[in-house]
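Next come the chains, spelled out residue by residue.
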Amino acid sequence: MNNNLPEGQLAQIVAALKQQQVIAYPTEAVFGVGCDPDSEIAVTRLLALKQRPVEKGLILIAADFEQLKPYIDAAALSEEQLSVVFANWPGPVTFVFPALPSTPKWLTGRFDSLAVRVTNHPLVKDLCLAYGKPLVSTSANLTGLPPCRNVQEVQQQFGESFPVLVGDTGGRLNPSEIRDALTGELFRQG
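Presented here is an overview of the structure given in this document. What you see is a predicted model, and the numbers here were worked out from it, not measured in a lab.

**Notes on unusual backbone geometry**
Between Trp-89 and Pro-90 the backbone carries a cis peptide bond, its omega angle lying at -5°. Here Pro-90 is to be found in the loop between helix 3 (79–88) and strand 4 (93–98). We note that Gln-20 has phi near 65°; this positive angle belongs to a residue other than glycine. By the element assignment, Gln-20 lies in the loop between helix 1 (9–18) and strand 1 (23–26). Judged by relative accessible area, Gln-20 falls into the partly exposed class, the value being 28%. Here Gln-51, not a glycine, exhibits a phi torsion of approximately 55°, which is positive. Mapped onto the elements, Gln-51 comes out in the loop between helix 2 (40–50) and strand 3 (59–62).

Right under this line is the structure:
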């Protein structure tokens, strides 16, 4: 896995995020598209690009658990439930937490919960740390097309000028597993 960022590339991607743009980046399995979770404009752009209804809700990907605390009600989980979550993080397991009442509906959709993940992908971790917050994360693909697994596929689907954090995916074949943080119920096999 090539995790050496070209000089200035991280700064360019952070600048794009600050301009409320949608960006692409490598994750554990496929490329993701993401944006600033606190920008309704950016999230609306991402949803339009993906032709995804807001009601479905979104996933946040973060460098560490601290970045997720402004969005989720971690106090709703017992120590035992949290220990299960932390045993899987950082890594390719997404957990659905109760959302804080202040969490924007453009993130939660029709739910009172939010899907979140602490990544173990070094480039995404660096990006979230450089930006200072988590990113919205959904697979980089246009409706009806397979998820992108490299920069060339991102450019084919989204255009040559689309902002991409250049790097390799983590090599996993399947997208992240999704589990309920409260019950452990499996929503999507990883």
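**Focus on the packing of aromatic side chains**
Enumeration according to the criterion identifies six aromatic pairs in this entry. Each member of the aromatic cluster is reached from another via a ring pair, and the members are Phe-65, Phe-86, Trp-89, Phe-95 and Phe-97.

**Description of the nonpolar core**
Trp-89 and Phe-97 are the most contacted members of the largest nonpolar core, which totals 38 residues. Breaking this core down by element, the ones donating at least two residues are strand 2 (31–34), helix 2, strand 3, helix 3, strand 4, strand 5 (113–118) and helix 6 (151–158). Here this core gets four residues from one element, more than from any other, and that element is helix 2. The residues contacting Phe-97, other than those within four sequence positions of it, are Phe-65, Ile-72, Ala-74, Leu-77, Leu-82, Val-85, Trp-89, Ser-113, Leu-114, Val-116 and Ala-181. In terms of nonpolar packing, the next biggest core, distinct from the first, is built from 15 residues, Ala-16, Leu-123, Leu-127 and Cys-128 among them.

Scoring rules and cut-offs
- Residues numbered from 1 in each chain as written.
- Predicted model: local features only at pLDDT ≥ 70, side-chain atom pairs only at ≥ 80, totals over all residues.
- Heavy atoms only, no water.
- Helix = DSSP H or I, 4+ residues; strand = E, 2+ residues; numbered from the N terminus.
- Buried < 20%, exposed > 50% of the residue type's maximum accessible area, 1.4 Å probe, protein only.
- Phe/Tyr/Trp six-rings, centres within 6.5 Å; stacked < 30°, edge-to-face > 60°.
- Core = buried A, V, L, I, M, F, W, Y, C linked by side-chain atoms within 4.5 Å.
- Contact = heavy atoms within 4.5 Å.

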